[in-house]
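The primary structure of each chain is shown beneath.
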Amino acid sequence: HAKRAGRGSCQFFSADMNAPFAARLWLENQLSQALERGELHLAYQPQVELRSGRIVGAEALLRWTHPQRGAIAPADFIPLAEETGLILPIGEWVLREACRQAATWRAAGLPPLMMAVNLSARQLRSANLLERIDAALQASGLPPEQLELELTETSLMDDAEAARELLGALRARGIGVAIDDFGTGYSSLAYLKRFPLARLKIDRSFVCGLPDDGNDVAITRAIVALAHSLGLELIAEGVESAAQREWLLALGCGGGQGYLFARPLSAEAFAHRLAAD
Ligand code: C2E
Ligand code: MG
Ligand code: MG
Ligand code: MG
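Thresholds applied
Residues numbered from 1 in each chain as written. Chains lettered and ligands numbered in written order. Predicted model: local features only at pLDDT ≥ 70, side-chain atom pairs only at ≥ 80, totals over all residues. Heavy atoms only, no water. Disulfide = S-S within 2.5 Å. Buried < 20%, exposed > 50% of the residue type's maximum accessible area, 1.4 Å probe, protein only. Helix = DSSP H or I, 4+ residues; strand = E, 2+ residues; numbered from the N terminus. Arc of directions from axis to C-beta. Contact = heavy atoms within 4.5 Å. Salt bridge = Lys/Arg side-chain N within 4 Å of Asp/Glu carboxyl O. Polar contact = N/O pair within 3.5 Å; in protein donor to acceptor, adjacent residues only side chain to side chain. Donors = N, O, S within 2.8 Å, 3.2 Å for Na, K, Ca; no water. Axes fitted to C-alpha atoms, helices over the stretch in contact; angles between N-to-C directions. Parallel < 35°, antiparallel > 145°, perpendicular 65-115°, else oblique. Nonpolar A, V, L, I, M, F, W, Y, C, P; charged D, E, K, R; others polar. Near = heavy atom within 4 Å. Areas by Shrake-Rupley, 256 points an atom, 1.4 Å probe, with all protein chains shown as cover.

Looking at an unreviewed UniProt entry, one finds the protein chain named cyclic-guanylate-specific phosphodiesterase, with Plasticicumulans acidivorans as its source organism.

Quick look at the structure:
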């Protein structure tokens, strides 16, 4: 009887229903070493003034190149990094590297730009976030006015009171805060006015339907009106066509980011674009 039970439990752990679990464990283990193995780097996507196409900013986007698996998409490892807490050391590296890169371009005489860095909910909840931000700015020498942090509505709503305090401290330093993927998270518009924000980023899913989808036009129009009346800057994500650009301009959105202007670029390619701009 005991033997049968033993065999049963053994079978349980070898059945392929556990393959996803094993794969996850493997990925987690690899991710925990990715930083020290030098497998992470940042790509930079231009943020432009829609009217002129001039580059005014860069969004730092994390890239992981695994020696065997090759490029692993952020969607496939950032949620895991958040669940395991690995996003804390990785996110700190992103912050320091992005600040260092922006300061390097500045020192090289390239036009100054806003460096936008994504922060996860987990980072937002970590006690020493402000100290880490201060340290990244100090180590790089980047002026705080050139740093913008991208947060989601949902992560702000997690602990709205703490978030409001943090945003106040960032505002006092001159650091900008943008709401990423605006319109897709859980939030109450009432909170928006209580947060010191600089910018809303209109989610790609709304831009995608311009100009044919009447609902997307209506939502984009409403977001633009909301931003204008709250005194917030705007940038549209995922601008892929000239028609979308025209519509965004007509609706009153000043900034854009997307494949129409540039894909996320290596630091070298970005610097070339910036120098030629
Ligand atoms: P996000 O912050 O909303 O970043 C924009 C995403 O849209 C990027 O995907 C970018 O490559 C993609 N994109 C830009 N323009 C276009 C376009 O015209 N069309 C289409 N279809 N896509 C476009 P990516 O690099 O795969 O990043 C995905 C998400 O991963 C980001 O979404 C962000 O939430 C997260 N992420 C990336 N880097 C970091 C990081 O350093 N820290 C944290 N916490 N999250 C990050
Ligand atoms: Mg972002
Ligand atoms: Mg976004
Ligand atoms: Mg997005």
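In this section: the state of the cysteines. Two cysteines, two sulfur atoms, one covalent bond between them: this is a disulfide. Across all of its chains, the model carries zero disulfides by this definition. The closest cysteine sulfur to the non-disulfide-bonded Cys-208 is located on Cys-253, 15 Å from its own sulfur.

Time to look at helix 12 (residues 242-251). Restricting attention to buried positions, one finds in helix 12 the residues Gln-244, Arg-245, Leu-248 and Leu-251. For helix 12, the angular spread of the buried residues around the axis is 130°, confining them to a single face. Residues of helix 12 that are buried sit in contact with helix 10 (204-208), helix 11 (214-230) and strand 8 (233-236). Positioned one or two residues after helix 12, Gly-252 has a phi angle of 105°, which is positive.

What follows is about the pattern of salt bridges. Tallied over the entire structure, the rule returns 15 salt bridges. The salt bridge involving Glu-161 is made with Arg-164; its shortest N-O contact spans 3.6 Å. Of this pair, Glu-161 and Arg-164 are both found in helix 8 (residues 160-173), three residues apart, which corresponds to roughly one turn of the helix. Exposure remark for Glu-161: the relative accessible area of 41% places this residue in the partly exposed category. Residues Arg-194 and Glu-161 are paired through a salt bridge, measuring 3.3 Å at the closest nitrogen-oxygen approach. Taken as a pair, Arg-194 in the loop between helix 9 (189-192) and strand 7 (199-202) and Glu-161 in helix 8 lie far apart in primary sequence, 33 residues in all. Residues participating in the shared-partner salt-bridge network are Arg-24, Glu-28 and Glu-83.

What follows deals with the environment of Glu-59. With respect to the helices and strands, Glu-59 occurs in strand 2 (residues 55-66). Once residues within four sequence positions are removed from consideration, Glu-59 is found in contact with Ala-43, Tyr-44, Gln-45, Gln-47, Ala-116, Asn-118, Glu-150, Asp-180, Lys-201 and Gln-257. Within the structure, Glu-59 has its side chain in polar contact with the side chain of Lys-201 (distance 3.0 Å). Here Gln-257 takes part through its side chain, which lies 2.7 Å from a polar atom of the side chain of Glu-59.

Each protein donor to the magnesium ion (ligand 2) is listed here as Glu-59 (OE), Asn-118 (OD1), Glu-150 (OE) and Asp-180 (OD); together their distances run 2.0 to 2.2 Å. Separating the magnesium ion (ligand 2) from the magnesium ion (ligand 3) is a gap of 3.7 Å, which Asp-180 spans by donating to each of them. In this pair, Glu-59 sits in strand 2 while Asn-118 sits in strand 4 (residues 114-118), placing the two residues 59 residues apart along the sequence.

Right, let's talk about the side chain of Thr-220 for a bit. Note on placement: Thr-220 falls in helix 11. At a separation of 2.7 Å, a polar atom in the side chain of Thr-220 contacts the main-chain carbonyl oxygen of Asp-216. Ignoring anything within four residues of it in the chain, the contact list for Thr-220 reads Ile-202, Phe-206, Leu-210, Leu-248 and Leu-251.

Now for the packing of helix 2 (residues 19-34) against helix 3 (residues 74-84). Between helix 2 and helix 3, whose axes approach to 10 Å, the crossing angle comes to 80°. Compared by their axis directions, helix 2 and helix 3 come out roughly perpendicular. Within the contact between the two elements, helix 2 uses Arg-24, Leu-27, Glu-28 and Leu-31 and helix 3 uses Asp-76, Phe-77, Leu-80, Ala-81, Glu-83 and Thr-84. Residue composition of the contact of helix 2 with helix 3, by class: five nonpolar, one polar and four charged.

In this section: the site of ligand 1. Close contacts around ligand 1 come from 21 residues, with Arg-63, Asn-118, Asp-180, Glu-240 and Tyr-259 the closest. Asp-180 has a polar side-chain atom sitting 2.8 Å from an oxygen atom of ligand 1. For ligand 1, whose unbound accessible area comes to 800 Å², protein coverage reaches 81%. Contributions of two or more residues to the shell around ligand 1 are made by strand 2, helix 3 and strand 6 (176-182). Counting residues per element, the shell around ligand 1 draws most heavily on strand 2, at four residues. Here the residues of the shell around ligand 1 are counted per class, giving eight nonpolar, five polar and eight charged.

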